[in-house]
Every structure is written in C-alpha cells, then in structure tokens.
Amino acid sequence: MLTETPYFHGVSIIAYNNGTITMTSYLKKLPIILISLIISGCSGLFITDEELPRYTEPRYNTEEPIQLKVSQIKVISEFTPSFTRPHVEHLFPVSIEKTAKLWAQDRLKAADFSTGKIAEVIIKDASVTESLEESGNKLFNTDRVKYKASLVMTVRITDPENMSQASTNVDAWRELTIPANTDIAEKEQYWSGMVSKLFDEFNVKMTSNIYEYLNMYVINKPITPTYY
C-alpha cells in the first residue's frame, strides 16, 4: 500500500511500505515554473511599443478649405535639412516640413478648372535649431536648452495668360526653453506641442493674408458683418 503526503512548494512525497521514498514529477517542473515567474516579473520593467506615445502632425481638415480660382495647386519645398547641429528638426517626432505640406492639402482647394492659373505653396524654411544656455550657478541651477522652430511659407498665384503674379508670405517662429537634463520622452512631448502651436499661429496669419492680399483669387470669401 502506498500513501501520498502533501509537501512544501507543491512537491509530494510518495512513501512505499518498504520505506523507499521518491518525489513526484512536480520537482522536475519546478525550473520551468521559476523561469516563467521570472519572465513575467521582468516584463513589467520594459516599455513596449504600444505604451510609447505616438505623435502625429497636426491637421486642419476640420475647417472649410479656401477655394481658389486656380486649376492646380503645387506644393514645393525649398527646404533641405542639414542633419547636423545646431539644426535638430530631424529629431522631432513630428516634421514641420510634412505638416506644412499637409496644411496646404487641408486648407487650399483648386476650384476653377477652366482657367490656366496655378497656385504654388512654397516652403522656404522648416527648421529647428538648439542652443545651450549655461547656468552661472552649477550648484543650484542646471543648464537649459533653447529650441527655435522657424517656418517660412509663400502662397503664390500665377496667371500665365495675363503674365501676372500675386503672392503673400508668412514668416513664423516659436521658441521653447527646457532644462538640459530633460528625458527624451518629455522632450518629445514638448517638441510636439511646440510644432502644434507654431502651426496654429501660422494658420491664422496665412488665412488672413490670403483673404487680404489674394482676395481676387478667392471664391468663398468670408462674410463681413455690416452694422446699421
């Protein structure tokens, strides 16, 4: 007759009448169980791709597009990133140059296909530079880094039949200063917000400029209220 007696850590001892003792197969499975516990415990120490913040370029497709009396809209980028400091636009999680192209796609619409007029959106600058501001008191203060984002864009309409051109330009910039020891995750959050605010201001200014300086080429002009 054999009896089975529970033992610690899930290991059982089986006793035979002749006094011999053998352990069940639980002990053989113990290393596998320990490895599984270690892996599951360590998995919490690592950040997966799903947990990382994902930033996208700001869009302006919720606003009514400006309808232009042109048959075509061309987006031309004259900006060439250098990929060397002090230029750091390539480190940003969102691209100023790409956002500028998306802005033209969202806000401008060709609405007269019977004409030879062409609108060009020219990106002249979409850079970000950084500069170090050293602290005079290293004991109590840390160094700071200042970022300056620049956006220069021109909207130009050409009428080849009358050999005439009209254009408007916006030169926008925004600065951000943060501690030099800011971690990369927090930096990306600041950088993304910086680009969004830059384009929010640019969008207001360029929209106003188009209605003012390219008014004769706009179909859906804003209604100005009249008071009596």
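What comes next is a walk through the structure. (Residues numbered from 1 in each chain as written. Predicted model: local features only at pLDDT ≥ 70, side-chain atom pairs only at ≥ 80, totals over all residues. Heavy atoms only, no water.)

**Observations concerning the pattern of salt bridges**
Next, step 1: All chains considered together, the criterion is met by eight salt bridges.
Next, step 2: Between aspartate 106 and arginine 59 there is a salt bridge whose closest N-O contact spans 2.7 Å. Of the two residues, aspartate 106 sits in helix 2 (residues 96–107) while arginine 59 sits in the loop between helix 1 (26–42) and strand 4 (66–68), which places them 47 residues apart along the sequence.
Next, step 3: Residue class for aspartate 106 comes out buried when judged on its relative accessible area of 7%.
Next, step 4: For arginine 59, a relative accessible area of 37% gives the class partly exposed.
Next, step 5: Of the charged contacts in the structure, one is a salt bridge between glutamate 130 and arginine 85, with a shortest N-O distance of 2.4 Å. Placement of glutamate 130 in strand 8 (residues 128–133) and of arginine 85 in the loop between strand 5 (72–77) and helix 2 is noted, with a sequence separation of 45 residues between them. (Salt bridge = Lys/Arg side-chain N within 4 Å of Asp/Glu carboxyl O. Helix = DSSP H or I, 4+ residues; strand = E, 2+ residues; numbered from the N terminus. Buried < 20%, exposed > 50% of the residue type's maximum accessible area, 1.4 Å probe, protein only.)

**A word on the nonpolar core**
When a protein is soluble and globular, its nonpolar side chains tend to lie buried together.
Next, step 1: By size, the foremost hydrophobic cluster in this structure holds 42 residues, and its most contacted members are Ile96, Trp103, Met153, Phe202 and Ile210.
Next, step 2: Elements that contribute at least two residues to this core include exactly strand 4, helix 2, strand 6 (108–110), strand 7 (118–125), strand 9 (144–159), strand 10 (164–179) and helix 3 (184–213).
Next, step 3: A per-element tally of this core places helix 3 first, with eight residues.
Next, step 4: When near neighbours in sequence (up to four residues on either side) are disregarded, phenylalanine 202 contacts Trp103, Leu151, Met153, Val170 and Ala172. (Core = buried A, V, L, I, M, F, W, Y, C linked by side-chain atoms within 4.5 Å. Contact = heavy atoms within 4.5 Å.)

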